[in-house]
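An overview of the molecular structure
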Amino acid sequence: AQSVTQLDSQVPVFEEAPVELRCNYSSSVSVYLFWYVQYPNQGLQLLLKYLSGSTLVKGINGFEAEFNKSQTSFHLRKPSVHISDTAEYFCAVSAGNNNDMRFGAGTRLTVKP
Amino acid sequence: KAGVTQTPRYLIKTRGQQVTLSCSPISGHRSVSWYQQTPGQGLQFLFEYFSETQRNKGNFPGRFSGRQFSNSRSEMNVSTLELGDSALYLCASSLALSGQGVSPLHFGNGTRLTVT
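Attention in this report is confined to the structure presented alongside it. Computed from a predicted structure; not experimentally measured.

Some remarks on the overall build of chain B
Counting secondary structure elements, chain B contains zero helices and 11 strands. For chain B, the sequential pattern of α-helices and β-strands runs β-β-β-β-β-β-β-β-β-β-β. Here chain B has a C-alpha radius of gyration of 13 Å; the compact-globule value for 116 residues is 13 Å, and the two agree. If you line up chain B on its principal axes, its C-alpha atoms span 40 × 25 × 25 Å. In chain B, buried positions account for 51% of the 116 residues. A sequence separation of at least 24 residues applies to 54% of the contacts in chain B between residues at least 6 apart. As displayed, chain B has an accessible area near 5,400 Å², and 46% of this comes from carbon and sulfur atoms. Separation between the mean location of the 11 positive side-chain charges and that of the 5 negative ones in chain B comes to 5 Å.

So, the packing of aromatic side chains
The relation between two aromatic rings is expressed through the spacing of the ring centres and the mutual angle of the planes. All names here are of chain A. For the coordinates displayed, the defined rule picks out 12 aromatic pairs over all chains. Aromatic side chains Y50 and F67 sit 4.4 Å apart centroid to centroid with 25° between the ring planes, which places their arrangement in the stacked category. One end of the pair, Y50, is in strand β6 (residues 44-50); the other, F67, is in strand β8 (residues 64-68), with 17 residues separating them in the sequence. Given a relative accessible area of 9%, Y50 falls into the buried group. On the basis of relative accessibility, which here comes to 10%, the residue F67 falls in the buried class. Taking 5.5 Å as the distance between ring centres and 45° as the angle between the ring planes, the aromatic pair formed by F63 and Y89 counts as tilted.

Considerations on the sheet that holds strand β7 (residues 64-68) of chain B
All names here are of chain B. Pairing is antiparallel in the open sheet, where four strands are placed in the order β1-β3-β8-β7. For this open sheet the edge positions go to β1 (5-7) and β7, each flanked by a neighbour on one side alone. This sheet shows a mean twist of 20° between the axes of neighbouring strands, independent of strand direction. In terms of strand pairing, β1 meets strand β3 (residues 19-24) through three bridges, oriented antiparallel. Looking across to β3, one finds that T7 is bridged to S22.

Quick notes on the side chain of B:S33
Residue and element names in this part refer to chain B. You can see S33 is positioned in strand β4 (residues 31-38). By relative accessible area, S33 is classed as buried at 1%. Not counting residues up to four positions away in its chain, the partners in contact with S33 are F45, F47, E48, L90, C91 and A92.

Describing the pairing of β3(B)
Pairing of β3(B) with strand β8 (residues 74-78) of chain B involves five bridges; the strand directions are antiparallel. Following the sheet pairing, B:T20 is matched in β8(B) by B:N77.

Re the interface of chain A and chain B
Contacts between chain A and chain B engage 19 residues on the former and 23 residues on the latter. Summed over both partners, the interface of chain A with chain B comes to about 1,700 Å²; 54% of that surface belongs to carbon and sulfur atoms. Viewed at the interface, chain B and chain A are joined by zero salt bridges. Counting the contacts that link chain A with chain B gives four residue pairs in polar contact (both at pLDDT 80 or more). Going through the elements one at a time, β5 (32-38), β6 and β10 (87-94) of chain A are the ones with two or more residues in the side of chain A that touches chain B. With four residues, the single largest contributor to the side of chain A that touches chain B is β5(A).

Things to note about the environment of B:I26
Of note, B:I26 is situated in the loop between β3 and β4. Separated by 18 residues in sequence, B:I26 and B:Q44 have C-alpha atoms that sit 22 Å apart.

Some details on the nonpolar core
Ranked by internal contacts, the top residues of the largest apolar core, which has 28 residues, are A:L33, A:W35, A:L47, A:L48, A:F74, A:L76 and A:Y89. No other element matches β10(A), which puts four residues into this core. If sequence neighbours within four positions are ignored, A:Y89 has contacts with A:Q6, A:L21, A:W35, A:Y36, A:V37, A:L47, A:F63, A:L76, A:G106, A:T107 and A:L109. Judged by nonpolar contacts, the second largest core, of 21 residues, contains B:I26, B:A87, B:Y89 and B:V115.

What counts, and where the lines are drawn
Residues numbered from 1 in each chain as written. Chains lettered and ligands numbered in written order. Predicted model: local features only at pLDDT ≥ 70, side-chain atom pairs only at ≥ 80, totals over all residues. Heavy atoms only, no water. Helix = DSSP H or I, 4+ residues; strand = E, 2+ residues; numbered from the N terminus. Rg over C-alpha atoms; globule rule 2.2 N^0.38 Å. Buried < 20%, exposed > 50% of the residue type's maximum accessible area, 1.4 Å probe, protein only. Contact = heavy atoms within 4.5 Å. Areas by Shrake-Rupley, 256 points an atom, 1.4 Å probe, with all protein chains shown as cover. Lys, Arg positive; Asp, Glu negative; His and termini not counted. Charge placed at Lys NZ, Arg CZ, Asp CG, Glu CD. Phe/Tyr/Trp six-rings, centres within 6.5 Å; stacked < 30°, edge-to-face > 60°. Pairing = 2+ DSSP bridges. Axes fitted to C-alpha atoms, helices over the stretch in contact; angles between N-to-C directions. Buried area = accessible area lost by both parts, 1.4 Å probe. Salt bridge = Lys/Arg side-chain N within 4 Å of Asp/Glu carboxyl O. Polar contact = N/O pair within 3.5 Å; in protein donor to acceptor, adjacent residues only side chain to side chain. Core = buried A, V, L, I, M, F, W, Y, C linked by side-chain atoms within 4.5 Å.

Put into structure tokens, the structure is as follows:
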């Protein structure tokens, strides 16, 4: 079965600074990878996904992620963060079916003025 | 298109009671999944329904059950509530046919259950 590890539980950063949220996965088969964001008192919202093709994936709100098969990573990046990006971010991996989707423990991004 | 709707948003119950949570998926989505989210355990998969049939179940006791109706709306039920059942319960719908591929999950805002 696949699994996912988010290496940082909390990431504090100043407004307009760049940020990288790290995600590593393990799987014996090909995977599909996702990043979701959760704002307070809300459900999860899809940021971006990697299903196939280009390893650099662009998502909403200026975020992007790069699939690195050799390092089994799918790190999320944004060149300049805003206060409104403060939220919890979840990396998720699936081996091909929605019912085997596995989520990481989450990274709480706090953007300070 | 309306998103995934979960009702109620908040619930307070006492130990031993039972509770029913409701989820209306995005129109056209036939797959509905339920997740439990807690600070300690994170997001844990409860079960998935497709065409009124439970297709997969996570590692939860039998007190947790669910069903799906012909219009794809889903309910989950928790009987004999325990303090540890306090959590945010999230419902998600997707276009993927059960067991036939992956597509992004669309989540509702959840039902926050507090057991006292």
